[in-house]
2 protein chains.
Amino acid sequence: MKNISNAVIKRLPRYYRYLDELRANGVERISSGDLSRMMNVTASQIRQDLNNFGGFGQQGYGYNVNYLFEEIGSILGLDKEHRMIVVGAGNLGQAIANYANFDKRGFKIVALFDSNHELIGKKTRNGEIKDIEEVYDFVKTENIEIVALTLPKEPATEIAMKLLDCGVKAFWNFAHTDLEVPDNVIVENVHLSESLMELTYKLSEQSQVGK
Amino acid sequence: MKNISNAVIKRLPRYYRYLDELRANGVERISSGDLSRMMNVTASQIRQDLNNFGGFGQQGYGYNVNYLFEEIGSILGLDKEHRMIVVGAGNLGQAIANYANFDKRGFKIVALFDSNHELIGKKTRNGEIKDIEEVYDFVKTENIEIVALTLPKEPATEIAMKLLDCGVKAFWNFAHTDLEVPDNVIVENVHLSESLMELTYKLSEQSQVGK
DNA sequence: ATTAGATTGTCAAATTATTCACAAGCATAC
DNA sequence: GTATGCTTGTGAATAATTTGACAATCTAAT
């Protein structure tokens, strides 16, 4: 399989979101030109991106919204169920666990774990919060694919290293650190403070306009 | 001022994080070569990136960690205080408000707002959660620069549009929608579900290795 | 003071990503 | 059934980004 560039992958979820909206509004077909105007990108980029995965469109017609939506979903792996746990059941962990749309996309949050005894036992949509000590046996027996790490960097690093031995294939990492993992393990970082710093960069740049 | 590419900006917070750690460990100087090995990037890229903003290093010596840390901080606008509010005081909003490190970087979370009467009045580190109806007067009188939108897309869009008229200069947008704002207003998006989709793309790609 | 070694800043080359442009081919109206 | 108009897929051109290479020059050892 041809290697797809990261720039393309990063754009797919946005296409998926727009197609979902079009679908919800009963739109049956869309041309790259119309979609490009909606999304503020070039039509050429849309066509080029989609062509990495095959010809989904038809000359003189455009793309079938439903079909393209399903195809992109399948490219993104959303046609399969993904069993996840959340490690760190503070506000952020609970926010993720409670986010209903993940369910809709095939993400099953099977359990939450924490080391804080005030949280352990607390009921959530996804069952009672479990003791972090149980997490290693849990992932071995429950076939867990993705671990969301929503806790400070020191425990996150330590726990992630131990979880590697338990067969976890992917981390969704909210801790402010770069996890070091073998090549066959995926790490997707969400560094909120970095995103906020990009924002303040743009703010100070903005305040210089014309200077 | 020369226009700096987005690719460069996105890397600055990571440099900043590594420099902060070096500083905390008492490291005084660092060469682009050593830093490149720590960070898994090329030394050339580090030098090229930094040179967009001026010559911070010295031949035969490298970079002074403290000085470079401060300089990057100032480029990112972290030398100034930024007054923020959080709109949507659910788990995600509270997670952001409670994140202590933001304070350290000059982000002052002045208040939280919500429309849910069960949340209004609840005490947090940043004062009682206020009624969303009060937000418009609040930003006008309290000189608010950044609004974090941690609520579903429909109310997020509606409230953001009204806040534009109140002089808000930047949105940190967690809602799953692309806000449409004038050119002089900044939107920084954090689309969690899109990040999770990138992860599952990589997972399915991974499972194909060698096929 | 001199010298050997290290490391930057920067120019040029290589690579990657985006946009342009158009032939090929389908849809639709007549 | 034919003609017109639309829209894709794709090869080529352009633009942006990353990497390589090295002269200039600083540090530090003797």
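Bear in mind the structure is a predicted one, so any value in this text is a computation, not a measurement.

1. Some words on the overall build of chain A
Step number 1: Check the secondary structure of chain A and you find 9 helices and 11 strands.
Step number 2: Its C-alpha atoms put chain A at 60 × 50 × 35 Å along the principal axes.
Step number 3: The buried share among the 211 residues of chain A stands at 50%.
Step number 4: Put simply, of all contacts in chain A between residues at least 6 apart along the chain, 55% involve residues at least 24 apart.
Step number 5: Taking the average place of the 24 positive charges on the side chains of chain A and the average place of its 29 negative ones, the gap between the two points comes to 7 Å.

2. Structural notes on the packing of helix H7 (residues 135-142) of chain A against helix H8 (residues 153-164) of chain A
Residues and elements named next belong to chain A.
Step number 1: Remark: H7 packs on H8, axes separated minimally by 10 Å, with the N-to-C direction vectors making an angle of 35 degrees. The interaxial crossing formed by H7 with H8 has right-handed handedness. Only Ile159, Lys162 and Leu163 of H8 make contact with H7, whose side of the interface consists of Val135, Tyr136 and Val139.
Step number 2: Of the residues that constitute the contact of H7 with H8, the class distribution is 5 nonpolar, no polar and 1 charged.

3. Some remarks on the pattern of salt bridges
Step number 1: Evaluation of the coordinates by the stated rule reveals 30 salt bridges over all chains.
Step number 2: Residue Lys10(B) is joined to Glu198(A) by a salt bridge in which the shortest nitrogen-to-oxygen separation is 2.9 Å. In this pair, Lys10(B) is assigned in helix H1 (residues 6-24) and Glu198(A) in helix H9 (residues 192-206), connecting two distinct chains.
Step number 3: With relative accessibility at 45%, the residue Lys10(B) sits in the partly exposed group.
Step number 4: A residue is classified by how much of its surface remains accessible, and Glu198(A), at 8% relative accessible area, is buried.
Step number 5: Connected via shared salt-bridge partners are Arg14(A), Arg17(A), Asp178(B) and Glu194(B).

4. So, the sheet that holds strand S3 (residues 62-64) of chain A
Residues and elements named next belong to chain A.
Step number 1: Taken together, the 3 strands give an open sheet; going across it, the order is S1-S3-S2, and neighbouring strands pair in antiparallel fashion. Of all strands in the sheet, those bounded by a partner on one side alone are strand S1 (29-30) and strand S2 (57-58).
Step number 2: In this structure, S1 lies alongside S3, joined through 2 bridges in antiparallel fashion. Each residue of the ladder has a partner; that of Ile30, found in S3, is Tyr63.

5. Let's talk about the interface of chain A and chain B
Interfaces are often sized by the accessible area lost when the parts come together.
Step number 1: If you look at the interface, chain A gives 63 residues, while chain B gives 63 residues.
Step number 2: Of all residues in chain A, Leu196(A), Met197(A) and Tyr201(A) give up the largest surface area on contact with chain B, accounting jointly for 13% of the area buried on that side.
Step number 3: Remark: the boundary between chain A and chain B carries 12 salt bridges.
Step number 4: Note that Arg14(A) and Asp178(B) form a salt bridge whose closest N and O atoms lie 2.9 Å from each other.
Step number 5: Summed over the shared surface of chain A and chain B, the result is 22 residue pairs in polar contact (both at pLDDT 80 or more).
Step number 6: If you list the elements that add at least two residues to the side of chain A that touches chain B, you get helix H1 (6-24), strand S4 (82-87), helix H5 (91-98), strand S10 (170-173), strand S11 (186-189) and H9 of chain A.
Step number 7: Ranked by residue count, the leading element in the side of chain A that touches chain B is H9(A), at 15 residues.

What counts as what
Residues numbered from 1 in each chain as written. Chains lettered and ligands numbered in written order. Predicted model: local features only at pLDDT ≥ 70, side-chain atom pairs only at ≥ 80, totals over all residues. Heavy atoms only, no water. Helix = DSSP H or I, 4+ residues; strand = E, 2+ residues; numbered from the N terminus. Buried < 20%, exposed > 50% of the residue type's maximum accessible area, 1.4 Å probe, protein only. Contact = heavy atoms within 4.5 Å. Lys, Arg positive; Asp, Glu negative; His and termini not counted. Charge placed at Lys NZ, Arg CZ, Asp CG, Glu CD. Axes fitted to C-alpha atoms, helices over the stretch in contact; angles between N-to-C directions. Left-handed = near helix turned anticlockwise from the far one by under 90°. Nonpolar A, V, L, I, M, F, W, Y, C, P; charged D, E, K, R; others polar. Salt bridge = Lys/Arg side-chain N within 4 Å of Asp/Glu carboxyl O. Pairing = 2+ DSSP bridges. Buried area = accessible area lost by both parts, 1.4 Å probe. Polar contact = N/O pair within 3.5 Å; in protein donor to acceptor, adjacent residues only side chain to side chain.

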